[in-house]
Amino acid sequence: MNAGPASSEQPRTYIRFDGALGVIENIFNLIAAASILVLMLLAVVQVVGRTVFNWPVPGFIDITEQAMAVFAFGGIAYCQRVGDHIRMEIVLGQLKGRTLWVAELVGVVLIWLVVTGLVYGSWYHFQRSWLLGDSTIDIGLPTWPSKLVVPVALSLLWLRLVLQIYGYWRLVRYPDAEAIAVPVIHDAAETAKHEIEEAFGEDPAEFGRGEKA
């Protein structure tokens, strides 16, 4: 099947926007990871302080509750970009070509619609918290910062989904084109190869030769 000359063209604007959005997603993901590390250290201080010195961290529960929004939503767009979210691929794994891209497109559009509603709802809850001056029970931390994190992170996910909608639509039109900035299904061997590369920063074949040496 001749997909036409457009199938081999690189969508430069799309690629540039994907790169810029990816930088922001990486920053949000690092902030989410850092918040988990900080909470783990704070939990150690809480346990040691309460057990040894009888001096717990003031407002530990309040701090944990507010930080949950950061590590729960901060990396959501990054996860969508790299395709590390949990999904069932039993059916999708059997599809090929345009049929696969149509199924992926429909799924992403449905997610986009849900996220659109979540952005609106979470922004409403942030505004209500801001106007009412809502705060935590123990030490009176304002709740609006954590509630603001949710619509901001979801808006980032919304933009990522818009990019993926375009990416899958491009593949629907030109099934033989290169998949750019969209998650693709890998078999077990490819998945293992990527995990080795991420863990050791080298090609699996080189890693195996290094082990033998």
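Definitions and limits used
Residues numbered from 1 in each chain as written. Predicted model: local features only at pLDDT ≥ 70, side-chain atom pairs only at ≥ 80, totals over all residues. Heavy atoms only, no water. Helix = DSSP H or I, 4+ residues; strand = E, 2+ residues; numbered from the N terminus. Contact = heavy atoms within 4.5 Å. Areas by Shrake-Rupley, 256 points an atom, 1.4 Å probe, with all protein chains shown as cover. Axes fitted to C-alpha atoms, helices over the stretch in contact; angles between N-to-C directions. Parallel < 35°, antiparallel > 145°, perpendicular 65-115°, else oblique. Left-handed = near helix turned anticlockwise from the far one by under 90°. Nonpolar A, V, L, I, M, F, W, Y, C, P; charged D, E, K, R; others polar. Buried < 20%, exposed > 50% of the residue type's maximum accessible area, 1.4 Å probe, protein only. Expected span 1.5 Å × (residues − 1). Core = buried A, V, L, I, M, F, W, Y, C linked by side-chain atoms within 4.5 Å.

Trainee: Give me the lowdown on the overall build of the protein, citing residues and values where you can.
Mentor: When its secondary structure is counted, the protein shows seven helices and zero strands. Start at the N end of the protein and walk to the C end: the helices and strands fall as α-α-α-α-α-α-α. Across the protein, contacts joining residues at least 24 apart in sequence account for 72% of those joining residues at least 6 apart. Just so you have it, the protein exposes about 13,600 Å², and 67% of that area is on carbon and sulfur atoms.

Trainee: Residues and numbers for the packing of helix α1 (residues 12-52) against helix α5 (residues 144-173), please.
Mentor: Their axes nearest at 11 Å, the elements α1 and α5 cross at an angle of 150°. One way to sum up the angle between α1 and α5 is to call them roughly antiparallel. Helix-helix and strand crossings are classified by hand; for α1 and α5 the assignment is left-handed. Where α1 abuts α5, its residues Y14, F17, D18, L21, G22, I24, E25 and F28 lie against V152, L156, L159, R160, L163, Y166 and G167. Counted by class, the contact of α1 with α5 contains ten nonpolar, two polar and three charged residues.

Trainee: Can you tell me about the side chain of E104, naming the residues and giving the values?
Mentor: Topologically, E104 is positioned in helix α4 (residues 97-132). Accessibility expressed as a relative area gives 5% for E104, which makes it buried. Those residues in contact with E104 that lie beyond four places of it in its chain are R87, L92, Y168 and I185.

Trainee: Pulling in residues and values, what's your account of the environment of P142?
Mentor: Counting through the fold element by element, P142 comes out in the loop between α4 and α5. P142 gets classed as partly exposed once you look at its relative accessible area, which sits at 41%. Measuring from C-alpha to C-alpha, the distance between P142 and W130 comes to 8.5 Å, with twelve residues separating the pair along the chain.

Trainee: Can you lay out α1 for me, pointing to particular residues and giving the numbers?
Mentor: Taking 1.5 Å of rise per residue, the 41 residues of α1 would be expected to cover 60 Å, and the 60 Å separating its terminal C-alpha atoms lies within 8% of that figure. Within α1, the full set of buried residues consists of Y14, D18, L21, G22, E25, A32, S35, L39, L42, Q46 and G49. Of the residues trailing α1, N54 is marked for its positive phi of about 55°.

Trainee: Residue-level account of the nonpolar core, with values.
Mentor: Judged by nonpolar contacts, the single largest core of 25 residues is most densely connected at Y14, W101, L157, Y168 and L171. Elements supplying a minimum of two residues to this core: α1, α4 and α5. In terms of residue count, α5 provides more of this core than any other element does, nine residues in total. Ignoring sequence-local partners within four residues, the contact set of Y14 consists of L163, Y166, G167, I180, A181 and V182. In this structure, L39, V57, F60 and A67 belong to the second largest nonpolar core, which totals five residues.

Fair warning: the whole summary comes from geometry, so function is off the table for now.
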